[in-house]
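As a plain string of letters, each chain reads:
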Amino acid sequence: MMKVLTSLSALPILRNPVVTLGTYDGVHIGHRSILTQLINKAKQTGKDSMLITFDPHPRQALGLGEISLLSTLEEKTELLSTTGLDYLLILPFTKEFSNQGARDFITNVLINQLNISEIILGYDHKFGHNREGDVQLLAEILTKTNRFVTEIPAQDVDEIIVSSTKIRTALIQGEVESANRLLGYKYQVKGKVVNGKQLGRTIGFPTANIEPMSDSKLLPGNGVYAVKTCIDGVTYQGMMNIGIRPTVSNSNHRVIEVHLFDFNSDIYGETVTISLWHRLRGEQTFSGIEELTKQLKKDEVDSRRYFASL
């Protein structure tokens, strides 16, 4: 079972770990390729496997603008716990920490405190103050102490280099199936069911209004999606709308509404997890409630047909 460490001050006794480091947002298939090689190398040599990551995301900590995350820290930890890692070390990312030079990080943390045996990094990985740390610098310092440095080539999926940035772009454009392929799992949004205006109930499409658990979590582009929603361990098929609801609202505030098929229970206050499977269409403006209802009926047919075809 993966152990989670949140400080360097009280480390357990480690077996000269094989490590990698990075934000690992989304824990996508490129990340998993690196972790698989790391875990296999650690097992072959009788060492511990460890990922060193940071919280909050460096861009957030340094005030470099908002970044919408593919995974919250809780989600990232959960995803990583399924990989076979021995240790996840979460270092608090502060401005003071960011000012630490790459050489100091290598010497103070990797060598003196963790006593690593090897570091494995993805293609063109940079770290440390002003991103001055790279594979060349690691090799210069670590190989003098009989430690190893391995760089893994860019991971390709259908000739697309996998990156968190590409996945974010796909999601923003509503291309959830492309994003899911690069992630290696269905993208999820976790949230709490809150009170809405209950318009859907009056037209035969009752919806659960969802308030995301994290403001930093990336929401996909506006539109209607075929989704599965997990409530108390039970999964239901349904469809979800993300958008400003131009037919019934003048607000620019984005709302998440989920209609669950064959479901009729009160779930206000419940925490639910929504998995996005397929985008049915973009958000549209209709002439009125009648036209909207007609389209929703078509969306339900299309969504049910999609799941039936799997």
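Reading the values: the criteria
- Residues numbered from 1 in each chain as written.
- Predicted model: local features only at pLDDT ≥ 70, side-chain atom pairs only at ≥ 80, totals over all residues.
- Heavy atoms only, no water.
- Helix = DSSP H or I, 4+ residues; strand = E, 2+ residues; numbered from the N terminus.
- Contact = heavy atoms within 4.5 Å.
- Areas by Shrake-Rupley, 256 points an atom, 1.4 Å probe, with all protein chains shown as cover.
- Lys, Arg positive; Asp, Glu negative; His and termini not counted.
- Charge placed at Lys NZ, Arg CZ, Asp CG, Glu CD.
- Buried < 20%, exposed > 50% of the residue type's maximum accessible area, 1.4 Å probe, protein only.
- Arc of directions from axis to C-beta.
- Pairing = 2+ DSSP bridges.
- Axes fitted to C-alpha atoms, helices over the stretch in contact; angles between N-to-C directions.
- Parallel < 35°, antiparallel > 145°, perpendicular 65-115°, else oblique.
- Left-handed = near helix turned anticlockwise from the far one by under 90°.
- Phe/Tyr/Trp six-rings, centres within 6.5 Å; stacked < 30°, edge-to-face > 60°.
- Lys NZ or Arg CZ within 6 Å of the ring centre and 35° of its normal.
- Nonpolar A, V, L, I, M, F, W, Y, C, P; charged D, E, K, R; others polar.

Some details on the overall build of the chain
Across its full length, the chain holds 10 helices and 14 strands. Based on the C-alpha atoms only, the size of the chain along its principal axes is roughly 75 × 40 × 40 Å. For the chain, contacts bridging at least 24 residues in sequence account for 75% of all contacts bridging at least 6. Carbon and sulfur atoms make up 48% of the accessible area of the chain, which totals about 15,600 Å². Charged side chains in the chain number 33 positive and 34 negative. The centres of these two groups are separated by 2 Å.

Considering helix α5 (residues 102-113)
Turning to α5, its buried residues number three or more, namely A102, F105, I106, V109, L110 and I111. Viewed end-on, α5 has its buried residues packed into an arc of 160 degrees, placing them on one side of the element. In this fold, the buried residues of α5 make contact with β2 (18-21), β3 (49-55), β4 (87-92), α4 (95-98), β5 (118-122) and α6 (135-142). Of the residues one or two after α5, N115 is the one with positive phi, at around 50 degrees.

Re the pairing of strand β11 (residues 223-231)
Put simply, side chains in a regular strand alternate between the two faces of the sheet. Among the 9 residues of β11, 7 are classified as buried, and the element is accordingly described as predominantly covered. Where β11 meets strand β12 (residues 234-243), 9 bridges bridge the pair, whose relative direction is antiparallel. The residue of β12 that forms the bridge with Y225 is M240. Counting the residues between successive antiparallel strands, the hairpin from β11 to β12 contains 2 residues, one of them, D232, with a positive phi of roughly 50 degrees. In the sheet, β11 pairs with strand β14 (residues 271-281) via 7 bridges, with the strands oriented antiparallel. Each residue of the ladder has a partner; that of C230, found in β14, is T273.

With respect to the environment of L219
Within the secondary structure, L219 is located in the loop between β10 (208-212) and β11. Not counting residues up to four positions away in its chain, the partners in contact with L219 are V189, P212, R254 and I256.

A look at the packing of helix α7 (residues 164-172) against helix α8 (residues 176-183)
To describe two helices that pack against each other, one gives the angle between their axes and the distance between the axes. One can describe the packing of α7 onto α8 by two numbers: an axis separation of 7 Å at closest approach and a directional angle of 155 degrees. Taken together, α7 and α8 sit at an angle that is classed as roughly antiparallel. The way α7 lies across α8 gives a crossing that is left-handed. Contacts between α7 and α8 involve I167, A170 and L171 from the former and V176, S178, A179, L182 and L183 from the latter.

Things to note about the side chain of E300
Of note, E300 is situated in helix α10 (residues 289-308). For E300, a relative accessible area of 18% puts it in the buried group. Leave out the neighbours within four places in its chain, and E300 touches F205, M239, H259 and F261.

A few points about the sheet that holds β5
Through backbone hydrogen bonds, the strands of a sheet pair up, either in parallel or in antiparallel fashion. Read across the open sheet, the 6 strands follow the order β1-β4-β3-β2-β5-β6; overall the sheet is parallel. Looking along the sheet, the strands with just one partner apiece sit at the ends: β1 (3-5) and β6 (148-152). Neighbouring strand axes in the sheet, compared pairwise and without regard to direction, differ in orientation by 25 degrees on average. Sheet topology note: the β5/β6 ladder contains 5 bridges and is parallel. Bridge assignment links I120 to a residue of β6, and that residue is T150. Along the sheet face, α6 touches β5 and β6 and points at about 165 degrees away from the line of β6.

Some words on the packing of aromatic side chains
Applying the stated rule across the entire model yields 8 aromatic pairs. When the centroid spacing of 5.3 Å and the interplanar angle of 65 degrees are considered together, the rings of Y306 and F307 count as edge-to-face. Overall, Y306 belongs to the buried group, its relative accessible area being 14%. Within the aromatic cluster, the residues linked to one another by ring pairs are F54, F93, F97, F105 and F127. The residue whose ring lies beneath K228 is W277, and the NZ or CZ to ring-centre distance is 4.3 Å.

Focus: the packing of α5 against α6
One way to put it is that α5 packs onto α6 with a least axis distance of 10 Å and a crossing angle of 55 degrees. As far as their axial angle goes, α6 and α5 are oblique. The crossing of α5 and α6 is right-handed. Facing A102, R103, I106, T107, L110 and I111 of α5, the residues of α6 in contact are L137, L138, E140, I141 and L142. Looking at side-chain class alone, the contact of α5 with α6 contains 8 nonpolar, 1 polar and 2 charged residues.

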